[in-house]
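Each chain, written out:
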Amino acid sequence: MSLLRSLFVEHPASVDETYLEHLISAVGFGTKMIVAGVACMVHGLFPAVFVTRGSDAICALHERMVMKRRRDGRSTLVL
């Protein structure tokens, strides 16, 4: 049971989430990063397109992940 607990419970609990909440959050972050990454690649080919999309995504994700946890008094270590 401790392996299962380690894999599915401990980290989500460390960021005050259930497994399902953590899954939804991580998938949302990943999707946003993929979309922003594609926008950055398109921007590399066509510099006038998606001028701030990558940096906007980074700022929004940082605000959501790090700054909110700091305001809530939770740990900012999320790996």
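For the structure given in this document, a descriptive report is provided here. The structure displayed is predicted, hence computed values, not measured ones.

Scanning the protein chain for helices and strands turns up 3 helices and 0 strands. Its helices and strands taken in sequence order, the protein chain reads α-α-α from the N to the C terminus. Taken against the 2.2 N^0.38 rule, which gives 12 Å for 79 residues, the C-alpha radius of gyration of the protein chain at 16 Å runs more than 25% over that of a compact globule. Summarising its shape, the C-alpha atoms of the protein chain cover approximately 50 × 25 × 15 Å along the three principal directions.

Helix length check: helix α2 (residues 19-45), at 27 residues, gives a terminal C-alpha distance of 39 Å against a target of 39 Å (1.5 Å per residue), a fit within 8%. Contacts from the buried residues of α2 go to α3 (53-71).

Here the focus is unusual backbone geometry. Its identity is not glycine, yet Asp16 carries a phi of approximately 60 degrees, on the positive side. Looking at where Asp16 falls in the secondary structure, it is placed in the loop between α1 (2-14) and α2. Since its relative accessible area comes to 58%, Asp16 is described here as exposed.

End to end, α3 covers 26 Å across 19 residues, agreeing with the expected 27 Å (1.5 Å per residue, within 8%). In the structure, α3 departs most strongly from a straight axis at Glu63, where the bend amounts to approximately 35 degrees. All of the buried residues along α3 are Gly54, Ala57, Leu61, Val66 and Arg69. Packed against the buried residues of α3 are α2. Residue Gly73 follows α3 closely and has a positive phi angle near 75 degrees.

In this section: the state of the cysteines. Under the defined criterion, the tally for this structure stands at 0 disulfides. Lacking any disulfide linkage, Cys40 is separated from the closest cysteine sulfur, that of Cys59, by 12 Å. Classification of Cys40 by relative accessible area gives partly exposed; the value is 41%.

Let us now look at a nonpolar patch on the surface. Among the surface-exposed residues, Leu3, Leu4, Leu7, Phe8, Val9, Tyr19, Leu20, Leu23, Ile24 and Val27 lie close enough to one another that they form a single nonpolar patch of about 950 Å² accessible area. Those elements giving two or more residues to the nonpolar patch turn out to be α1 and α2. The residue Leu20 is located in helix α2 in this model. Relative accessible area serves as the criterion here: at 52%, Leu20 is assigned to the exposed category.

What counts and how
- Position numbers for residues start from 1 in each chain and track the written sequence from start to end.
- Only residues with pLDDT of 70 or above have their local features reported here, since the model is predicted, and side-chain atom pairs are shown and tallied only from 80 upward, although totals for entire chains, interfaces and linings are computed over all residues.
- With hydrogens and water set aside, each side-chain value is computed from the structure's full complement of heavy atoms.
- Runs of H or I in DSSP of at least four residues are treated as helices and runs of E of at least two as strands, each being numbered from the N terminus.
- A radius of gyration in this sense is built from C-alpha atoms; the matching globule rule multiplies 2.2 Å by the number of residues raised to 0.38.
- Under the convention used throughout, the expected extent of a helix is 1.5 Å for every residue step, that is, one less than its residue count.
- Any two residues whose heavy atoms approach within 4.5 Å are treated as being in contact.
- In this scheme, a residue with accessible area under 20% of its type's maximum is buried, one over 50% is exposed, and one in between is partly exposed, where area comes from a 1.4 Å probe on protein chains only.
- Note on bend: at a given residue it equals the angle between the axes fitted to the 7 residues ending there and to the 7 starting there.
- The definition used for a disulfide is geometric: two cysteine sulfur atoms within 2.5 Å.
- In this analysis, a patch consists of residues with relative accessible area above 30% that form no salt bridge, clustered at 9 Å for like charges and at 5 Å for the nonpolar side chains Val, Leu, Ile, Met, Phe, Trp and Tyr.
- Surface accessibility follows the Shrake-Rupley procedure with a 1.4 Å probe radius. Residue values consider only the protein chains on display as shielding.
- Whenever Lys or Arg places a side-chain nitrogen within 4 Å of a carboxyl oxygen from Asp or Glu, that contact is recorded as a salt bridge.

These results come straight from atomic positions and should not be treated as a statement about function.
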